Amino acid sequence: MIMTENTVEISAKINSKITQVRVTPILIADPPLLNIQGVHAPYAPRAIIEVETDTGEIGVGETYGDTDYLSVAQAFAPELVGSPLSVNGLRGRVRARTESVELQRVDAAVDAGGLRGPRSLNKIACSVASAFEVAIYDALGHLAGLPVHALLGGKVRDDVDFSAYLFYRWAEHPDGYGSDVPHDDWGAALDPDQVVQQARRMVRDYGFTSFKLKGGVFPPDQEVAATKALAEAFPGRPVRLDPNGAWSVATSLRVAAELESIAEYLEDPTTGTAQMAEVARGTSLPLATNMCVTSTEEISEAFRTDAVQVVLSDHHYWGGLRATQDLAAICDAFDVGLSMHSNTHLGISLAAMTQVASTIPTLRYACDTHRPWQTEDVITTPHVFADGKLPVTGTPGLGIELDRDSLQRLHQRWAGSPIRDRDDGVAMRRVHPEWTQPSW
Ligand SMILES: O=C([O-])C(=O)C[C@H](O)[C@@H](O)C(=O)[O-]
Ligand SMILES: [Mg+2]
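Residues numbered from 1 in each chain as written. Chains lettered and ligands numbered in written order. Predicted model: local features only at pLDDT ≥ 70, side-chain atom pairs only at ≥ 80, totals over all residues. Heavy atoms only, no water.

As annotated in an unreviewed UniProt entry, the chain carries the name glucarate dehydratase and is attributed to Microlunatus soli. Quoted verbatim from the Catalytic activity (unreviewed entry) field of the UniProt record, the comment on the chain reads "D-glucarate = 5-dehydro-4-deoxy-D-glucarate + H2O". What UniProt states about the chain under its Sequence similarities (unreviewed entry) heading is, verbatim, "Belongs to the mandelate racemase/muconate lactonizing enzyme family. GlucD subfamily." (UniProt positions renumbered as here; feature names shortened; annotations may be inferred.)

S.K.: Just to check I follow, could you spell out the pattern of salt bridges for this structure?
M.R.: Oppositely charged side chains may form a pair once their charged atoms are brought near each other. Under the counting rule described, the total for this entry stands at 29 salt bridges. Where D161 meets K389, a salt bridge forms, and the shortest distance between an N and an O atom there is 3.8 Å. With a gap of 228 residues between them, D161 in strand β6 (residues 159-161) and K389 in strand β14 (residues 389-391) connect regions that are remote in the sequence. What makes D161 partly exposed here is its relative accessible area of 25%. Its relative accessible area of 29% is what places K389 among the partly exposed residues. One salt bridge in this structure joins D221 and R254, with 2.9 Å as the shortest N-O distance. (Salt bridge = Lys/Arg side-chain N within 4 Å of Asp/Glu carboxyl O. Helix = DSSP H or I, 4+ residues; strand = E, 2+ residues; numbered from the N terminus. Buried < 20%, exposed > 50% of the residue type's maximum accessible area, 1.4 Å probe, protein only.)

S.K.: Explanation requested: the site of ligand 1 in the structure shown.
M.R.: In the vicinity of ligand 1 lie 16 residues, with N35, H40, Y165, K212 and N244 positioned nearest. Separating an oxygen atom of ligand 1 from a side-chain N or O atom of K212 is a distance of 2.7 Å. R422 is positioned with one of its side-chain polar atoms (N or O) 3.0 Å from an oxygen atom of ligand 1. Broken down by secondary-structure element, the contributors of at least two residues to the shell around ligand 1 are β7 (164-167) and β8 (211-214). Considered class by class, the residues forming the shell around ligand 1 number three nonpolar, eight polar and five charged. (Near = heavy atom within 4 Å. Polar contact = N/O pair within 3.5 Å; in protein donor to acceptor, adjacent residues only side chain to side chain. Nonpolar A, V, L, I, M, F, W, Y, C, P; charged D, E, K, R; others polar.)

S.K.: Would you mind showing me how to read the packing of aromatic side chains here?
M.R.: The geometry of two aromatic rings is summed up by the distance between their centres and the angle between their planes. Enumeration over the complete set of coordinates arrives at 13 aromatic pairs. Seen from their ring centres, Y265 and Y365 are 5.1 Å apart, and the 75 degrees between their planes marks the pair as edge-to-face. Of the two residues, Y265 is situated in strand β10 (residues 265-267) and Y365 in the loop between α13 (347-357) and β14; the sequence distance between them amounts to 100 residues. Y265 gets classed as buried once you look at its relative accessible area, which sits at 0%. (Phe/Tyr/Trp six-rings, centres within 6.5 Å; stacked < 30°, edge-to-face > 60°.)

S.K.: What am I meant to see in the coordination of the magnesium ion (ligand 2) here?
M.R.: A metal bound by six donors in octahedral fashion has ideal angles of 90 or 180 degrees, whereas one bound by four tetrahedral donors has an ideal angle of 109.5 degrees. Only D242 (OD), E267 (OE) and N290 (OD1) from the protein coordinate the magnesium ion (ligand 2), and they sit 1.9 to 2.2 Å from it. Each donor residue of the magnesium ion (ligand 2) lies on the same chain, and together they follow the pattern D-x24-E-x22-N. Here N290 lies in the loop between β11 (287-289) and α10 (299-304) and D242 lies in strand β9 (residues 239-242), a separation of 48 residues in the sequence. The buried category is assigned to D242, whose relative accessible area is 0%. (Donors = N, O, S within 2.8 Å, 3.2 Å for Na, K, Ca; no water.)

S.K.: Sorry if this is basic, but what is going on with the domain arrangement of the chain here?
M.R.: One frequent convention defines the size of an interface as the accessible area lost when the parts assemble. Segmentation of the chain into domains returns domain 1 (5-148 + 407-417 + 427-431) and domain 2 (153-397). On a C-alpha basis, the centroid separation for the pair domain 1 and domain 2 is 22 Å. Each partner contributes residues to the interface: domain 1 has 56 residues there, and domain 2 has 61 residues. Approximately 4,400 Å² of surface area, both sides summed, lies buried where domain 1 meets domain 2, with 58% of it carried by carbon and sulfur atoms. Looking only at domain 1, the three residues that lose the most surface to domain 2 are P32, L34 and E62, adding up to 15% of its buried area. Viewed at the interface, domain 2 and domain 1 are joined by five salt bridges. The partner of K123 in a salt bridge is E298, with the nearest N and O atoms 3.0 Å apart. Residue assignment for the side of domain 1 that touches domain 2 shows that the elements contributing at least two residues are β1 (18-29), β2 (34-35), β4 (43-53), β5 (58-64), α4 (121-144), α14 (404-415) and α15 (424-431). Counting residues per element, the side of domain 1 that touches domain 2 draws most heavily on α4, at 12 residues. The residue inventory of the side of domain 1 that touches domain 2, partitioned by class, reads 30 nonpolar, 15 polar and 11 charged. (Domains from an automatic or database assignment. Contact = heavy atoms within 4.5 Å. Buried area = accessible area lost by both parts, 1.4 Å probe.)

S.K.: In this structure, what is going on with helix α3 (residues 90-98)? I would like to understand it.
M.R.: An α-helix turns once per 3.6 residues; consequently, residues spaced three or four apart project the same way. Those residues of α3 that sit buried are L90, V94 and T98. Angularly, the buried residues of α3 cover 80 degrees about the axis, an arc narrow enough to put them on a single face. Buried residues along α3 sit against α2 (67-80) and α4. (Arc of directions from axis to C-beta.)

Structure (structure tokens):
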């Protein structure tokens, strides 16, 4: 073969190696959003991953920054140095690495940061691997001059639809924020009228055309009333309610009967696959989950028993973008619908969600996103929703640029703070010492 300058360049790119990996923990401002586990604290930890190659490319990823996730990410990062830009085998390598890290909170308790069912080593490893995978895809995209969706096989849509993620919330954190946090002027939402007002603002500012209300906060009748108020205020627009497993089977069936002709789906009304299956047998309303099916080992029982009709994918849960596509294929094979979950995240994760969502033909529900609740970001040009959608960029990689000043500032905040884990229950008990997790 005759070697031209071009082939030499291509060969350098194909053989490019990872030379540096950086894991930067940050704390980001988070408003006082309420959920079954309590209330979001003023700051939430995230971890930002950068992989740098010998050809000068830098790819970025984002995941949970809580202690266990961070410890695994920091322990794994040096192992990637010298590796090719390959995403294959990543989850297994991170999983193996978890064995040598002393973890604090693998106790089968529900994960406060993710509300994703019982914690496990595998779930932690998947969440860590997801950020490295995204960073490698971003770097590969820069190398190839292609957007991540092209590397994932190509987009099937030009924009991705998101839904307005509505929360009961307080107007302010009881102790406020530091002076470095932009003011959040959403106000309180504690009854149906305030929830509808919040939805109107989401529609005005972002153009969302569907709604998800985070429940599990007030007695179910109040949350049903808020859901009905939304359906009345926005006729014909899809509405979902998600109490994160707060209800018994009997309560779930009662609520499902009330919302059967109103809701698009009911998300995790009750906990555990067996109880979800019992509810599913008694209602025609589709049940969705990001709690009882959040890892591969949980799929079989749930699908065999028809416990869920919609799975909320999440590349942080499932181990990356390719794993999300795999999940979509499995759901399709079992005639289970696919939606997309989110919790507190910044623009890197939103870009990754948008890229992978654009490649999945069977994703027919608007994706969740917490992004409107975040007042800070680590990318230079934060995303702008129009008509509730984000365009699927054709620029190389994730189509975003890291804002190093902002990353540094949020890292300094982390370094100067004792906060290392998200714990919504602790945040709630600071205000209401007697508070315990509700169930109805
Ligand atoms: O759909 C869900 O269950 C979530 O988004 C879980 C999240 O943790 C959310 O409830 C939150 O951040 O309060
Ligand atoms: Mg949910």
